[in-house]
Amino acid sequence: MSQTKRKPLFIGNWKMHFLPQEAEEFLDQFHASLDASVAESCDIALAPPHPLLPIVGSKLGEFGRVSLAAQNAHWEVSGAHTGEISPRLLSVLQVRYVLIGHSERRQFYGETNATTAQRLNAVLAAGMTPVLCVGETESEYRSGKSESATLEQLNAGLATVDAAMLDSLVIAYEPVWAIGTGLAATPSHAEKLHSCIRQSLCERFAERGKLPRILYGGSTKPENMQELAEVPEVDGALPGGSSLKPEVFLGLIEAGLIGFNRKSQSL
Ligand code: PGA
């Protein structure tokens with residue numbers, strides 16, 4: 001399977017932003033401006049805070065062009081887990097993608113490689129697509145450990161994943177030092193890391209290692225998305241800040257599509 005066969009994917013991570021009315025306004029505006037040809041050229045999803053999933057999901061269901069994503073899921077389907085969210089509930093709410101192991105969860109809320117793997121497996125078992133977030137910290141970056149730190153998270157997160165599941169898996173490479181800092185990875189750094197993730201997937205899963213889309217995340221914006229999309233093995237993006245304004249999120253998607261087209265023409 002060649003690089004061009006993977007459909008570009010853009011997932012907006014709203015993090016802890018938006019009240020119901022703000023979310024509805026965003027969606028109305030986004031939908032009004034989303035061109036049919038753009039929507040057909042890529043997959044688009046939005047990950048709102050959990051309480052907004054039903055409102056956002058019902059609007060997206062009406063529009064029919066954008067999928068629903070969640071920001072996390074627990075590994076059990078029910079039980080005494082205050083503050084956690086069941087993968088079964090997410091699937092009933094028509095969630096398609098679930099972020100797993102986001103660096104903010106790892107850094108500030110004690111999530112480990114082991115719990116990340118458990119959550120990822122539960123999302124797969126519930127029939128949704130996990131988006132496994134991996135990426136080095138600033139100190140790992142400075143000490144030349146970007147590849148080893150990223151691959152350690154990748155391998156731990158996928159420890160028990162079967163090759164048969166690879167078509168319902170997305171990886172997001174998000175260097176921690178680039179998240180929310182305005183300082184995105186350079187195309188050459190992104191190329192190095194995306195290639196090493198792909199190589200590791202192919203070493204373990206052979207041809208099926210080419211199936212998962214690998215998104216880049218960390219200070220993506222309309223101004224840098226085209227050059228990042230041109231990078232080999234970058235299959236989409238996971239913007240945070242740039243997904244909070246409809247025109248900015250759309251601008252980022254459009255810039256990305258220009259980059260993906262240029263890349264596929266040069267292959
Ligand atoms: P950012 O966040 O685009 O605001 O840097 C990305 C992310 O955390 O997924």
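Only a predicted model underlies this, so the values are computations on that prediction, with no experimental measurement involved. (Residues numbered from 1 in each chain as written. Predicted model: local features only at pLDDT ≥ 70, side-chain atom pairs only at ≥ 80, totals over all residues. Heavy atoms only, no water.)

### Concerning the nonpolar core
Formally: The set of buried Ala, Val, Leu, Ile, Met, Phe, Trp, Tyr and Cys residues whose side-chain atoms join them within 4.5 Å is what this entry labels a nonpolar core. Each residue is assigned to one of three classes by its accessible area relative to the maximum for its type, calculated with a 1.4 Å probe on protein chains only: buried under 20%, partly exposed between the two thresholds, exposed over 50%. By the criteria applied, helices consist of DSSP H or I runs no shorter than four residues and strands consist of E runs no shorter than two, each listed in order from the N terminus. When checking whether two residues touch, look at their non-hydrogen atoms; a contact exists if any pair is within 4.5 Å.
Residues F10, F30, L90, V98, L158, I171 and I253 are the most contacted members of the largest nonpolar core, which totals 64 residues. Counting residues per element, this core draws most heavily on helix α11 (residues 246–266), at seven residues. Residues contacting L90, with those up to four places away along its chain left out, are L53, A70, N72, A73, I85, V95, V98 and M128. If you look at the next biggest cluster of nonpolar residues, it comprises 13 residues, including L9, A69, L99 and V170.

### Some words on the packing of helix α1 (residues 20–33) against α11
Heads up, the condition is: Orientation is described by axes fitted as lines to C-alpha atoms, over the contacting stretch for helices, and by angles from 0 to 180 degrees between their N-to-C directions. An angle below 35 degrees is read as roughly parallel, one above 145 as roughly antiparallel, one from 65 to 115 as roughly perpendicular, and any other as oblique. Note on convention: the crossing is left-handed when the near helix lies turned anticlockwise from the far helix by less than a right angle, right-handed when the turn is clockwise.
Where α1 meets α11, the closest approach of the two axes is 9 Å, and the angle between their N-to-C directions is 40 degrees. By the angle class used here, α1 and α11 are oblique. In the crossing of α1 with α11, the sense of the turn from one axis to the other is right-handed. Of α11, the residues touching α1 (which contributes F26, Q29, F30 and S33) are P246, E247, F249, L250 and I253.

### A short note on the pairing of strand β2 (residues 43–47)
Formally: Two strands pair under a simple rule: DSSP has to find at least two bridges between them. Call a crossover right-handed when, viewed with both strands pointing away from you, the route from the first strand across the helix to the second goes clockwise.
Along β2, five of the five residues are buried, which leaves the element largely enclosed by surrounding structure. Neither face of β2 is left uncovered, since the one carrying D43, A45 and A47 and the one carrying I44 and L46 both have all their residues buried. Where strand β1 (residues 9–13) lies against β2, five bridges are found, and the strand directions are parallel. Bridged to L9 within β2 is D43. Across two bridges, β2 lies against strand β3 (residues 67–70) in parallel orientation. Bridge pairing links L46 to L68 in β3. Crossover β2 to β3 through helix α3 (residues 53–63) is right-handed.

### Some details on the site of the ligand
Counted only if it meets this: One heavy atom suffices: a residue is near a molecule or strand as soon as one of its heavy atoms comes within 4 Å of it. Any pair of N or O atoms that falls within 3.5 Å is considered a polar contact. Within protein, one atom must be able to donate a hydrogen and the other to accept it, and sequence-neighbouring residues count only if both atoms are side-chain atoms. Surface exposure here means Shrake-Rupley accessible area, sampled with a 1.4 Å probe, where a residue is shielded only by the protein chains that are shown. The classification used treats Ala, Val, Leu, Ile, Met, Phe, Trp, Tyr, Cys and Pro as nonpolar, Asp, Glu, Lys and Arg as charged, and all other residues, Gly among them, as polar.
What surrounds the ligand is a group of 13 residues, the closest being K15, H102, E174, G180 and S219. Within the backbone of G180, a nitrogen or oxygen atom sits 2.7 Å from an oxygen atom of the ligand. In isolation the ligand offers 280 Å² of accessible surface; the protein chains occlude 94% of this area. Of the residues assigned to the shell around the ligand, the class counts are four nonpolar, seven polar and two charged.

### A word on the state of the cysteines
Stated precisely, the cut-off is as follows: Cysteine sulfur atoms are paired as a disulfide whenever they come within 2.5 Å of each other.
Counted according to the given criterion, the structure contains zero disulfides. Take C42: it sits in no disulfide, and the sulfur closest to it among the cysteines is that of C133, at 19 Å. Note on C42: relative accessible area 2%, which makes it buried. Looking at the unpaired C196, the closest cysteine sulfur is the one in C202, lying at 12 Å. Using a relative accessible area of 12% as the deciding quantity, one classes C196 as buried.

### Points about the packing of aromatic side chains
Worth spelling out the cut-off: Each Phe, Tyr or Trp ring (for Trp, its six-membered ring) is paired with any other whose centre lies within 6.5 Å, and the angle between the two planes then decides the class: stacked below 30 degrees, edge-to-face above 60, tilted in between.
Tallied over the full model, the rule gives nine aromatic pairs. With 4.9 Å between their ring centres and 75 degrees between their planes, W14 and F26 make a pair best called edge-to-face. Residue W14 is found in the loop between β1 and α1, and its partner F26 is found in helix α1; the two are separated by 12 residues along the sequence. Taking the relative accessible area as the measure of exposure, W14 reaches 0% and is therefore buried. In this structure F26 comes out as buried when scored by relative accessible area, which is 3%. Look at F30 and F249: their rings are 5.4 Å apart centre to centre, the planes differ by 25 degrees, and that puts the pair in the stacked class. Here the residue F30 occupies a position in helix α1, and F249 occupies one in helix α11, the gap between them amounting to 219 residues. In this structure F249 comes out as buried when scored by relative accessible area, which is 0%. Among the aromatic residues, those joined into a cluster by ring pairs are W14, F18, F26, F30 and F249.

That is the geometry; function is a separate question.
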